[in-house]
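Listed below, chain by chain, are the residues.
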Amino acid sequence: MDLAGAQGADSGRCSGFVETLHELFADAVRCGATPDVLQRVLDAAMRSVNGTRAFLALVHRETAEMSVAYTAGEGWTEERRRLRLHLAQETNRGITGHVALTSKPYMTGDTASDPYYLAFFEDARSEIAVPVLGMTGHAAGVINVESDAPNAFTSDDCARLVAIAQAASVALGLDGFRARETALIEIGTSLNTTIETDALMRKVVDEAAEALKYEGCSVFLLDQETNRLVLRASHKALAEEVGVASYALGEGITGWVAEHGTPVRLEDPQKDPRWAGLHTEMPADEIGALLAVPIISRDRVIGVLRVVRSRSHSPWFSNRFTEADERVLTTIASQLGSALENAATFKRLVRAERMAAWGELSAKSAHMIGNRTFALKGDLNELRFLLESGGSADRSGELALIDSMERGIARLEEILREFRDFVMATQITLADADINQTLREVIGEFFPRRSSVQLELDLADDLPPVRCDAAKLKRAFSELVENAVSFQPEGGVLRVSTRLMAPEEQVGARLAPGRSYVEIEFADAGPGVSEELKNRIFLPFFTSRTKGMGLGLSIVKGIVDAHHGLLREVGEPGKGARFVIILPVRG
Amino acid sequence: MARVLVVDDEDEVREALVRRLSREGYEVTAADSAAAAREAIAAAGGFDVVVTDMSMERADSGLDVLRDAMAHDVFTEVIVLTAYGNVQNAVESMRRGAFDYLEKNVPGVDVFELLVIKVGQAMERRRAGVSTLRRLDLRTRPS
């Protein structure tokens, strides 16, 4: 090699190199591994060593393949860009494959005699390749520069390329961290906003597997009654076993984690004496790495969060889980633990509120049933007297008594219905439903055909399906419709409207951001609700009507509470009542 | 004619009571609350017998009716009705001078007939009380 010539060339290559490097790092940190940043890295790599052609190939760990992702210089065709290298093969991996597997730079000035060289282009005489290292220290990609001149590259060139490749490393690494961060935030957010526990666990396994590159993820929760770990959410083949697959405490690695409350991180888990291979996301012998952490709530193990990766296709790559993976999974498990605890607390709270009403409910219903029965016995007493004394001339007396008894029995049935609805209000079964359709059905069934109350419907077209118990909501809506009609005996208006809430309104209403809500309003022109009564109308036994037990609005409240919704009366006293229900779209 | 006041906030109950006692020939007045009872007592200048529900505006509204009725005429006999075995309030009403108390729901018993009997007994006691007072009055009056 002509030293002077090389030096001369070097001084030319050096001009602006530091500035270029500085810009590349700045871009990498600012933007991450965007196509634009990686292309600029590659262009700069080629220029900095005076190459004729260059490419950046990325490693796909799952398939142990490399593919050309970015190219620079002349002569690239679509066919050449589609080239893939199979790293698992012993031969034909090329210099690029060799660098990917060893994670060390490689340089040749005579391709014809190089043992690794694999010709992409006929005219390449020199080649230099440097790894782009990923977070784990393995090569995530390789930057490869060629020249048509023999012995074109120096060790200085190699050092330059290594420096430039680090810019790509930083970009890819930051992307990895951002993906992890996004996944953790996603999971954290969904844990805070999803109260239906099954949906929450499905979300955790999906997001964890997707963003954190697990190939299988399962949640097992301890069943209090059977003391077994039951599968509650999973992936792939195991998804169909949800609710069925279970481990005894101490059984298998999953059972061991639950029993000891300690994480387990294993490579080739089949070799572990605790391994049972009972319920696996993929064929048991294909699992290459396993990580299982306990889900803890209130200092007790309540379940196990488990992830697996398949066996690596290449002896050079390991698919084992790292300590960082364990930390991430432990974080997710602890978030899941507190979310499950939240959900349980919410359920207990709703139940406690209603339990408190039980004592009063039983006393009140006994009182009301007693009174109705007493009145019925009075009617029977009178009927017997009438019949024994020869009866009234046109039987009008007897018929009037029968009417009265029918009314009395109807009121008893009303009480029983209220009693049942109050008790059942919080027991809901969720399914997707069209709220507008539900409202139309309620209006059809409960709004009187001939009424002096004028009905106005203003139902939004863009309402998404809402995860709810449509039958229970129908009960709640019908109560509000009947209320509006009965409080406007001289005629008036009932305006029923629906709409999807705008995100900025949710902040004001203290609703969780990131979830959508629908608002359903029942407005009338009746007497309205006075300020002092606004807080009391939803309590059990509050009534200003003689009908029933006064459970109506508390039933509505119970149903809305069970949907994790809000119920308020916001009308101006004297100008009519306005009942507003806000329901989360996804339950 | 003997005058009876019936006090109950449940329309059907009140109507059934009025109807049954009217059949016995009493002159029956009805009130649907303790407050309405107080007005009726003042307006009528007292009743011979008052039949009142215990639990109306409040759980012990019957005690208010008892107090108002006896304040107007100490010989008014008060019968307290309870729909839901609230024995404590019923005992309290006896302690304060009620004639008797009656549970609305006694299985197998026609409480309306029982009430008619009790109203009759109350009427007798009132008559006895009033005549005792008159005799006492005559004897002690200076001639």
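Residues numbered from 1 in each chain as written. Chains lettered and ligands numbered in written order. Predicted model: local features only at pLDDT ≥ 70, side-chain atom pairs only at ≥ 80, totals over all residues.

## Quick notes on the overall build of chain B
Phase 1 of the analysis: Check the secondary structure of chain B and you find 5 helices and 5 strands.
Phase 2 of the analysis: Order of helices (α) and strands (β) in chain B, N terminus to C terminus: β-α-β-α-β-α-β-α-β-α.
Phase 3 of the analysis: In chain B, which comprises 143 residues, the proportion classed as buried is 40%.
Phase 4 of the analysis: For chain B, contacts bridging at least 24 residues in sequence account for 59% of all contacts bridging at least 6. (Helix = DSSP H or I, 4+ residues; strand = E, 2+ residues; numbered from the N terminus. Buried ≥ 20, exposed ≤ 12 C-beta atoms within 10 Å, placed from the backbone. Contact = placed C-beta atoms within 7 Å.)

## Some points on helix H11 (residues 435-446) of chain A
Residues and elements named next belong to chain A.
Phase 1 of the analysis: In a regular helix each residue adds 1.5 Å, so 12 residues correspond to 16 Å; H11 covers 16 Å between its end C-alpha atoms and thus fits that length.
Phase 2 of the analysis: Within the sequence span of H11, burial applies to Ile435, Thr438, Leu439 and Val442. Here the buried residues of H11 occupy an arc of 100° about the axis, which is enough to place them on one side. (Expected span 1.5 Å × (residues − 1). Arc of directions from axis to C-beta.)

## Section: the nonpolar core
Residues and elements named next belong to chain A.
Phase 1 of the analysis: Formed by 49 residues in total, the largest nonpolar core has its most connected members in Val41, Leu42, Ala45 and Ile143.
Phase 2 of the analysis: Of the residues forming this core, the biggest block, 8 residues, is contributed by helix H6 (residues 155-193).
Phase 3 of the analysis: Excluding its chain neighbours within four sequence positions, the residues that come into contact with Ile143 are Leu42, Ala45, Ala54, Leu56, Ala129, Val130, Val132, Leu161, Ala165 and Ala168.
Phase 4 of the analysis: With 44 residues, the next largest nonpolar core counts Phe220, Leu229, Leu305 and Val328 among its residues. (Core = buried A, V, L, I, M, F, W, Y, C linked by C-beta atoms within 7 Å.)

## Observations regarding the sheet that holds strand E2 (residues 65-73) of chain A
Residues and elements named next belong to chain A.
Phase 1 of the analysis: Within the open sheet, the 6 strands sit side by side as E3-E2-E1-E6-E5-E4. Their pairing is antiparallel. Each edge of the open sheet is held by one strand with a lone partner, namely strand E3 (84-86) and strand E4 (106-108). Taking each pair of neighbouring strands and ignoring which way they run, the sheet shows an average axis angle of 20°. (Pairing = 2+ DSSP bridges. Axes fitted to C-alpha atoms, helices over the stretch in contact; angles between N-to-C directions.)

## Let's talk about the sheet that holds strand E9 (residues 246-248) of chain A
The pairing of strands in a sheet happens through backbone hydrogen bonds and is either parallel or antiparallel.
All names here are of chain A.
Phase 1 of the analysis: Pairing is antiparallel in the open sheet, where 6 strands are placed in the order E9-E8-E7-E12-E11-E10. Of all the strands in the sheet, just E9 and strand E10 (264-267) have a single pairing partner and so form its edges. The sheet shows a mean angle of 20° between the axes of neighbouring strands, taken without regard to direction.
Phase 2 of the analysis: Bridge count for strand E11 (residues 287-297) against strand E12 (residues 300-310) is 10 bridges, and the pairing is antiparallel. Bridge pairing in E12 links Pro294 to Val304.
Phase 3 of the analysis: Contacting strand E7 (216-222), strand E8 (228-233), E9, E10, E11 and E12, helix H8 (residues 252-260) crosses the sheet at an angle of about 30° to E11.

## Some points on the interface of chain A and chain B
Interface size is commonly expressed as the accessible area that is lost once the parts come together.
Phase 1 of the analysis: With 16 residues of chain A at the interface, the matching set in chain B holds 16 residues.
Phase 2 of the analysis: Those elements giving two or more residues to the side of chain A that touches chain B turn out to be helix H9 (323-388) and helix H10 (396-424) of chain A.
Phase 3 of the analysis: Residue contributions to the side of chain A that touches chain B peak at 14 residues, all from H9(A).
Phase 4 of the analysis: Residues belonging to the side of chain A that touches chain B are distributed by class as follows: 5 nonpolar, 8 polar and 3 charged. (Nonpolar A, V, L, I, M, F, W, Y, C, P; charged D, E, K, R; others polar.)

## Comments concerning the environment of A:Arg180
All names here are of chain A.
Phase 1 of the analysis: By the secondary structure assignment, Arg180 is in helix H6.
Phase 2 of the analysis: On the neighbour-count criterion, Arg180 (17 C-beta atoms within 10 Å) is partly exposed.
Phase 3 of the analysis: A sequence separation of 28 residues divides Arg180 from Ala208, and the C-alpha atoms of the two residues are 9.1 Å apart.

## Focus: unusual backbone geometry
Residue and element names in this part refer to chain A.
Phase 1 of the analysis: Positive phi outside glycine occurs at Asn151, with the angle close to 50°.
Phase 2 of the analysis: Position of Asn151 among the secondary structure elements: in the loop between strand E6 (139-147) and H6.
Phase 3 of the analysis: Its identity is not glycine, yet His564 carries a phi of approximately 60°, on the positive side.
Phase 4 of the analysis: Along the chain, the position of His564 falls in the loop between helix H14 (552-562) and strand E18 (566-569).

## Considerations on the packing of helix H12 (residues 470-486) of chain A against H14(A)
Residues and elements named next belong to chain A.
Phase 1 of the analysis: Relative orientation of the contacting elements H12 and H14 amounts to 145°, with a least axis distance of 9 Å. Of the two elements, H12 crosses H14, and the hand of that crossing is left-handed. Residues Lys472, Leu473, Arg475, Ala476, Glu479, Leu480 and Asn483 of H12 touch H14, and the partners they reach there are Gly552, Leu553, Ile555, Val556, Ile559 and Val560.
Phase 2 of the analysis: Of the residues that constitute the contact of H12 with H14, the class distribution is 8 nonpolar, 2 polar and 3 charged. (Left-handed = near helix turned anticlockwise from the far one by under 90°.)

## A short note on the pairing of E8(A)
Residue and element names in this part refer to chain A.
Phase 1 of the analysis: Across 4 bridges, E7 lies against E8 in antiparallel orientation. Bridge pairing in E8 places Phe220 opposite Leu231.
Phase 2 of the analysis: Counted between consecutive antiparallel strands, the loop separating E7 from E8 contains 5 residues, among which Asn227 sits at a positive phi close to 60°.
Phase 3 of the analysis: In this structure, E8 lies alongside E9, joined through 3 bridges in antiparallel fashion. By the bridge assignment for E9, Leu229 is matched with Tyr247.

## Brief notes about the environment of A:Arg160
Residues and elements named next belong to chain A.
Phase 1 of the analysis: Relative to the elements of secondary structure, Arg160 occurs in helix H6.
Phase 2 of the analysis: Along the primary structure Arg160 and Leu21 are separated by 139 residues, whereas in three dimensions their C-alpha atoms are 9.1 Å apart.
Phase 3 of the analysis: Beyond its immediate sequence surroundings of up to four residues, Arg160 is in contact with Phe17, Ser48 and Val49.

## Structural notes on the environment of B:Met70
Residues and elements named next belong to chain B.
Phase 1 of the analysis: Its location among the elements puts Met70 in helix H3 (residues 61-72).
Phase 2 of the analysis: Take Met70: there are 19 C-beta atoms within 10 Å of it, and that puts it in the partly exposed class.
Phase 3 of the analysis: Not counting residues up to four positions away in its chain, the partners in contact with Met70 are Thr76 and Gly97.

## Digging into the packing of H3(B) against helix H4 (residues 87-95) of chain B
Residue and element names in this part refer to chain B.
Phase 1 of the analysis: Running from N to C, H3 and H4 cross one another at 10°; their axes reach a closest spacing of 10 Å. It follows that H3 is roughly parallel to H4 by the angle criterion. Two secondary-structure elements touch here, H3 through Gly62, Leu63 and Leu66 and H4 through Asn89, Glu92 and Ser93.
Phase 2 of the analysis: Residue composition of the contact of H3 with H4, by class: 2 nonpolar, 3 polar and 1 charged. (Parallel < 35°, antiparallel > 145°, perpendicular 65-115°, else oblique.)

## Some details on the confidence of the model for chain B
Phase 1 of the analysis: Per-residue confidence for chain B gives a mean pLDDT of 90; residues scoring 70 or more make up 96%.
Phase 2 of the analysis: On the interface metric, ipTM, the complex scores 0.88, and its pTM is 0.54. (pLDDT = per-residue confidence, 0-100.)

## Here's the deal with helix H5 (residues 111-140) of chain B
Phase 1 of the analysis: When the terminal C-alpha atoms of H5(B) are compared, their 43 Å separation across 30 residues agrees well with the 44 Å that a helix rising 1.5 Å per residue should span.
Phase 2 of the analysis: Every buried residue belonging to H5(B) is among B:Phe112, B:Leu115, B:Val119 and B:Ala122, and all of these are buried.

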